[in-house]
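For reference, the chains in residue letters:
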Amino acid sequence: MRRDGGGLPVTRDLTIAEVRLTPILVADPPLLNTQGVHQPYTPRLIVEIVTADGVTGLGETYGDTKYLEPARSLAERLIGRSVMDVNGLFGIDLAVDASRVEGGTDAGGLRGAQTADKLRLSVLSAFEVACLDAQGRALGLPVHALLGGKVRDAVEYSAYLFYKWDAHPAGVAAEPDEWGAALDPAGVVEQARLFQRRHGFGSFKLKGGVFPPEQETAAVRALAEAFPGHPLRLDPNGAWSVATSLKVARELGDVLEYLEDPTLGTPAMAEVAARTDVPLATNMCVTTFGEIKEAFTKDAVQVVLSDHHYWGGLRNTQRLAAICAAFGVGVSMHSNTHLGISLAAMTQVAATVPGLHHACDSHYPWQSEDVLTERIAFEGGRVAVSDAPGLGVELDRDELARLHRRWTDDDGALRDRDDAAAMRVADPAWHTPAMPRW
Ligand SMILES: O=C([O-])C(=O)C[C@H](O)[C@@H](O)C(=O)[O-]
Ligand SMILES: [Mg+2]
């Protein structure tokens, strides 16, 4: 218990008095993936949980409409509960509209199967993080201490390379983009050099599934020549058949740290894994606890990329890491257009995971806008683990208001991320590709 200067216990009223939900639209460059291209602005939801004596905890999650509806219902039901009652939070019967999700895939297929429970957890995770942040601020402890303590002082991230255009299509309102185009091996290497110069990253992941595999293989070869000995990954988001996956694994086996989701679904991943020594990583076929058994018993994946948003928060991320350790499966982190609150949360939990042997993914360098008073810095590709109370970040209210105004001003076209629709602006004939594409 904290004590005041005279040694007396300080009592805190940790009852939740207010919950503020702020949907925002943040700038996103024209990054290409197998579904299409990123919209010029992407939705996020910022959660603030305020205690009776004025401590505010921050959380962040996906901001599409399907997340906002359950978030609003949850926010109302939290008033009067304690920020300490995180187990109780997960026990709240949070009804989500299953018809919106069941049988579908997440983000047009980039994040695996969508289920009502995964949607529920993706919402709850932001509230869990906000509760932990509030607890930490109230108790004067960093979130990692609330999670059992850090086992490292810095968390390594990888450069997340994308094929990209130099700008969004003509006529589309967008923020200036200083990265330039990357549409061939030379462009990819140039982008990697920029990432290394700006942030010191030592490992590189290329988002693939955009061009035929020969072109992407050539880009990874060019990276291997430019950065000899550095860990490299290629992630086509399931765009390849088993045969194509095996061909790429043969051609790049000597330079790849792992291949990420070369093909769709656990059975196909297991087939690939059985016939190559290249480790397979996933943020698509193992995205929920229910998917673990089949994948691990079939030895379909060797690395799971956790994402605290859809796995249901920081404590579930620790549980996932423990299960992976028991099965000898590696663990790392998936990332998706998140801002600094989530990067701080990822860093706090990653600091507590003992067997984290792979650099985590982060889109953060692509996000030119943030809602923090101070951006989080990568030094030598690492984020220092904050020991400040809570997540160790502060909200920039003016920026939050500005990005929220962008959301309210939007006619609804951008409030639900749709990479295929964004691609149709440039190519009206574009449709979501049938998988496997190659
Ligand atoms: O598979 C992955 O690593 C991702 O899903 C990350 C993102 O969705 C990425 O593909 C994107 O945003 O285009
Ligand atoms: Mg992936």
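Definitions and limits used
- Residues numbered from 1 in each chain as written.
- Chains lettered and ligands numbered in written order.
- Predicted model: local features only at pLDDT ≥ 70, side-chain atom pairs only at ≥ 80, totals over all residues.
- Heavy atoms only, no water.
- Domains from an automatic or database assignment.
- Contact = heavy atoms within 4.5 Å.
- Buried area = accessible area lost by both parts, 1.4 Å probe.
- Donors = N, O, S within 2.8 Å, 3.2 Å for Na, K, Ca; no water.
- Helix = DSSP H or I, 4+ residues; strand = E, 2+ residues; numbered from the N terminus.
- Buried < 20%, exposed > 50% of the residue type's maximum accessible area, 1.4 Å probe, protein only.
- Disulfide = S-S within 2.5 Å.
- Pairing = 2+ DSSP bridges.
- Axes fitted to C-alpha atoms, helices over the stretch in contact; angles between N-to-C directions.
- Salt bridge = Lys/Arg side-chain N within 4 Å of Asp/Glu carboxyl O.
- Near = heavy atom within 4 Å.
- Polar contact = N/O pair within 3.5 Å; in protein donor to acceptor, adjacent residues only side chain to side chain.
- Areas by Shrake-Rupley, 256 points an atom, 1.4 Å probe, with all protein chains shown as cover.
- Nonpolar A, V, L, I, M, F, W, Y, C, P; charged D, E, K, R; others polar.
- Expected span 1.5 Å × (residues − 1).
- Right-handed = clockwise from strand over helix to strand, strands pointing away.
- Phe/Tyr/Trp six-rings, centres within 6.5 Å; stacked < 30°, edge-to-face > 60°.
- Lys NZ or Arg CZ within 6 Å of the ring centre and 35° of its normal.

An unreviewed UniProt entry lists the protein chain under the name glucarate dehydratase, with Streptomyces achromogenes as the source organism.

Looking now at the domain arrangement of the protein chain. Structurally, the protein chain comprises domain 1 (16-144 + 398-410) and domain 2 (149-391). Summarising the inter-unit geometry, the C-alpha centres of domain 1 and domain 2 are found 22 Å apart. The interface of domain 1 with domain 2 comprises 52 residues on the first partner and 61 residues on the second. For the pair domain 1 and domain 2, the summed buried surface comes to about 4,400 Å²; carbon and sulfur atoms form 62% of the total.

Now for the coordination of the magnesium ion (ligand 2). Within the protein, Asp-235 (OD), Glu-260 (OE) and Asn-283 (OD1) serve as the donor atoms for the magnesium ion (ligand 2), at 1.9 to 2.2 Å. Considered as a linear motif, the donors of the magnesium ion (ligand 2) on their single chain read D-x24-E-x22-N. Placement of Asp-235 in strand β9 (residues 232-235) and of Glu-260 in strand β10 (residues 256-260) is noted, with a sequence separation of 25 residues between them. Across the pair, Glu-260 and Asp-235 agree in class, each one buried.

This paragraph deals with the state of the cysteines. Taken as a whole and judged by the stated rule, the model has 0 disulfides. Not engaged in a disulfide, the cysteine Cys-360 finds its nearest cysteine sulfur in Cys-324; these two sulfurs lie 13 Å apart.

Turning to the sheet that holds strand β8 (residues 204-207), a few remarks are in order. On the basis of which strands lie adjacent, the open sheet formed by 7 strands has the order β7-β8-β9-β10-β11-β12-β13 and parallel pairing. Edge positions in the sheet fall to β7 (159-162) and β13 (330-333), since each has one partner strand and no second. When the angles between neighbouring strand axes are averaged without regard to direction, this sheet yields 25°. The sheet contact formed by β10 and strand β11 (residues 280-282) spans 2 bridges and is parallel.

Within the open sheet, the 3 strands sit side by side as β1-β4-β5. Their pairing is antiparallel. Strands with a single pairing partner mark the edges of an open sheet, and in this sheet they are β1 (16-27) and β5 (56-62). Across this sheet, the average inter-strand angle for adjacent strands is 20°, counted without regard to direction. Sheet topology places strand β4 (residues 41-51) next to β5; 7 bridges connect them, and they run antiparallel. If you follow Arg-44 over to β5, its bridge partner there is Tyr-62. Seen against the sheet, helix α3 (residues 116-139) touches β1, β4 and β5 and runs at an angle of roughly 160° to β5.

As a further point, take the pattern of salt bridges. Scanning all chains against the criterion turns up 30 salt bridges. For the salt bridge of Glu-394 with Arg-137, the shortest nitrogen-to-oxygen distance reads 3.4 Å. Here Glu-394, found in the loop between β14 (382-384) and α13 (397-409), pairs with Arg-137, found in helix α3; they are 257 residues apart in sequence, far enough to count as distant. Among the residues examined, Glu-394 registers a relative accessible area of 46% and is labelled partly exposed. Salt-bridge contacts for Glu-260 lead to Lys-205; the nearest nitrogen and oxygen are separated by 2.7 Å. Placement of the pair is Glu-260 in strand β10 and Lys-205 in strand β8, with a sequence separation of 55 residues. The residues Glu-260 and Lys-205 share a single accessibility class, namely buried. Each of Lys-205, Lys-207, Arg-233, Asp-235, Glu-257, Glu-260 and Asp-361 takes part in one network of salt bridges that share partners.

In this section: the site of ligand 1. Around ligand 1, the surrounding shell holds 16 residues, and the nearest of these are Asn-33, His-38, Lys-207, Asn-237 and Asn-336. In this structure, an oxygen atom belonging to ligand 1 sits 2.8 Å away from a side-chain N or O atom of Asn-237. Asn-336 is positioned with one of its side-chain polar atoms (N or O) 2.7 Å from an oxygen atom of ligand 1. Bound to the protein, ligand 1 loses 100% of the 330 Å² it would expose on its own. When contributions to the shell around ligand 1 are tallied by element, the ones reaching two or more residues are β7 and β8. Split by residue class, the shell around ligand 1 holds 3 nonpolar, 8 polar and 5 charged. Here the shell around ligand 1 spans two domains, since at least three of its residues come from each of domain 1 (16-144 + 398-410) and domain 2 (149-391).

The terminal C-alpha atoms of helix α6 (residues 213-226) lie 20 Å apart, and with 14 residues this matches the ideal 20 Å at 1.5 Å per residue to within 8%. Taken as a whole, α6 has its buried residues at Pro-213, Glu-216, Thr-217, Ala-219, Val-220, Ala-222, Leu-223 and Ala-224. Contacts from the buried residues of α6 go to β7, α5 (185-199), β8, β9, α7 (242-252) and β10.

Next up on the list: the pairing of strand β12 (residues 303-306). Here β12 shows no split at all, with Val-303 and Leu-305 on one side and Val-304 and Ser-306 on the other all buried. Examined bridge by bridge, β11 and β12 share 2 bridges and lie parallel to one another. The partner of Thr-282 across the bridge, within β12, is Val-304. Chirality of the crossover, the property in question, places the unit of β11, helix α9 (residues 292-297) and β12 among those that are right-handed. Bridge analysis of β12 against β13 gives 4 bridges, and the strand direction is parallel. The residue of β13 that forms the bridge with Ser-306 is Met-333.

The final tally for this structure, using the stated rule, is 14 aromatic pairs. Residues Phe-162 and Trp-366 carry aromatic rings whose centres are separated by 6.1 Å and whose planes lie at 80° to one another, so their mutual orientation is edge-to-face. You can see Phe-162 sitting in strand β7 and its partner Trp-366 sitting in the loop between α12 (340-350) and β14, a full 204 residues away along the chain. On the basis of relative accessibility, which here comes to 2%, the residue Trp-366 falls in the buried class. When the ring of Phe-195 is compared with that of Trp-366, the centres are 5.3 Å apart and the planes differ by 70°; the resulting orientation is edge-to-face. Here Phe-195, found in helix α5, pairs with Trp-366, found in the loop between α12 and β14; they are 171 residues apart in sequence, far enough to count as distant. The same class applies to Phe-195 as to Trp-366, namely buried. Site record: aromatic cluster; members linked through ring pairs are Tyr-157, Tyr-160, Phe-162, Trp-179, Phe-195, Phe-201, Tyr-364, Trp-366 and Phe-378. Note that Lys-118 overlies the ring of Tyr-310, its terminal NZ or CZ placed 4.8 Å from the centroid.

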